Structure formats: C-alpha cells, structure tokens
Amino acid sequence: MLNTKRSRVRAAAGVGMAAVVATVGAVTFNASAAEQAAVAPAAVGPGARAVSIPGIPAAIKPPKGAKPIGAYVVVSGTQNYTCAANVFGPASVPEAQLVGTGGRVHHFGGPSWQSTRDNSLVKAKKVAESPRTGTIPELLLEVTEKSGSGVLGTATHISRLLTSGGTAPAGPCTDGATQAVKYGAVYVFWKV
C-alpha cells in the first residue's frame, strides 16, 4: 500500500510539472555550459521556482560585472494598449504575474515590479532594446527607484528576454478604447 501511495504522489507530481510546463512553456538557455553555471541564480524560499536565463543579444547585455539576483517567467500577463488617433500603441502598460527564483512578483505600470513575498519594489526605464519578429522586443532596463530591501531591493538592471506575443493590435480603433494582449517573457534582475 505504501508503494501505491508513493506511485500516486510521483504521478501527481509529474502531472503538476507537466501542467507548469504547458502553462509556462519550455525555457531554453542559449549560452555555453560555463556561462549557464555563472548566471543561473538558485531558487530560494517559499513559492520559488528555478528559471533558466536565456541567451542575451549583444545590444541588450547588462553592464560588465553585473551578477544575476533573480530570474522570473511570466505565468500570466498582458500588454495593455489604449487607442489614440484611431490606432493602438505604440506604448503599452504591463499587467503580469511572474514566478521565479525569489517567489512571485507582480509587474505593472511604471514599469514596476513588486515582490509579493517581501514587498520590495523597483521601477525602471528602458536603456536598450533588441527587436524580435512578431513579438514585443527584448529589453535592458535600468532601475530608477527602489523601495524595500528584499529580493528585488539590490537590483540595478532588468532584462526582458525570450518575449512572445504582446504586440499592439492592428487596424483602426475608437479613441480611448483599450485592449489587453497576452504576452510571455523571462525577466532577469541584475546587480552591478
């Protein structure tokens, strides 16, 4: 009977992991084994999940000497566009839930990221981008404001990588109308 219970627990764990992979999608790492070992932060604390860091285009590499302090994947997220002059965009406001090495993070307008574990908060501005066909661009952001000393409190830069979806809706629209477009990404927080 004990072996049967263990088998059920293992099967349930496998189904649970399959559901996570189906929801989040596979995250691949495009660097050498040496680079991967150097940059992949460990998952620590309640609700934390390991997230691999994808390859980073040269145009958006973090500053020399930067060390990763966390990596998070979007588990549910939208880029929200408002119609102006009969077109959506180009600017959008994010609304996303992330999960990763430091637990859960809420990403919202500002752009801002706030840890749900310890309420540490950072705001950032875009300093570089790398376009991706059919999706929002990958970005390097620089932290401009901080609050709290928790999992995000030491961040100086943020990478938005491995983006999917999130592009502005095409076609005419009514001024003031809004539309939410699903997107995915991996966010990496760096400390210089």
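Residues numbered from 1 in each chain as written. Predicted model: local features only at pLDDT ≥ 70, side-chain atom pairs only at ≥ 80, totals over all residues. Heavy atoms only, no water.

Examining the state of the cysteines
- If you walk through the whole model with that rule in mind, you get one disulfide.
- In this model, Cys83 is linked to Cys173 through a disulfide, with the two sulfur atoms separated by 2.0 Å. With the S-S dihedral at roughly 90°, the linkage between Cys83 and Cys173 falls on the right-handed side. Separated by 90 residues along the polypeptide, Cys83 in strand S1 (residues 67-84) and Cys173 in the loop between strand S8 (157-165) and strand S9 (178-191) bring together distant segments of the chain.
- You can call Cys83 buried: its relative accessible area is 3%.
- With relative accessibility at 11%, the residue Cys173 sits in the buried group. (Disulfide = S-S within 2.5 Å. Helix = DSSP H or I, 4+ residues; strand = E, 2+ residues; numbered from the N terminus. Buried < 20%, exposed > 50% of the residue type's maximum accessible area, 1.4 Å probe, protein only.)

Comments concerning the packing of aromatic side chains
- Under the criterion given, the structure shown has three aromatic pairs.
- For the pair Tyr72 and Phe189, a centre-to-centre distance of 5.6 Å together with 90° between the ring planes defines the contact as edge-to-face. Remark: Phe189 occurs in strand S9 and Tyr72 occurs in strand S1; sequence separation between them is 117 residues. Residue Tyr72 shares its accessibility class with Phe189, and that shared class is buried.
- Each ring, one from Trp113 and one from Tyr187, has its centre 5.9 Å from the other, and the planes form 65°; the classification is edge-to-face. Linking Trp113 in strand S5 (residues 112-115) with Tyr187 in strand S9, this pair joins segments that are 74 residues apart in sequence. The exposure classification of Trp113 matches that of Tyr187, with both residues buried. (Phe/Tyr/Trp six-rings, centres within 6.5 Å; stacked < 30°, edge-to-face > 60°.)

With respect to the confidence of the model for the chain
- Averaged over every residue, the pLDDT of the chain is 84; the share at 70 or more is 79%.
- With pLDDT under 50 throughout, residues 1-38 is counted as low confidence; its partners more than four residues away or in other chains account for 20 contacts. (pLDDT = per-residue confidence, 0-100. Contact = heavy atoms within 4.5 Å.)

Considerations on the pairing of strand S7 (residues 135-147)
- Pairing between strand S6 (residues 121-132) and S7: 10 bridges, direction antiparallel. Bridge pairing in S7 places Ala128 opposite Leu140.
- The turn joining S6 and S7, which pair antiparallel and follow one another in sequence, is formed by two residues; a positive phi near 75° is taken by Gly134.
- Pairing between S7 and S8: four bridges, direction antiparallel. When the sheet's bridge partners are listed, Leu140 is paired in S8 with Ser159. (Pairing = 2+ DSSP bridges.)

Quick notes on unusual backbone geometry
- Note the cis peptide between Gly89 and Pro90, where omega equals 10°.
- Secondary-structure assignment places Pro90 in the loop between strand S2 (87-88) and strand S3 (93-100).
- Note the cis peptide between Gly110 and Pro111, where omega equals -15°.
- Checked against the element boundaries, Pro111 lands in the loop between strand S4 (103-108) and S5.
- Here the phi dihedral of Ala85 falls at roughly 55°; this positive angle occurs in a residue that is not glycine.
- If you trace the backbone, Ala85 turns up in the loop between S1 and S2.
- With phi around 65°, Asn86 is a residue other than glycine that occupies positive phi space.

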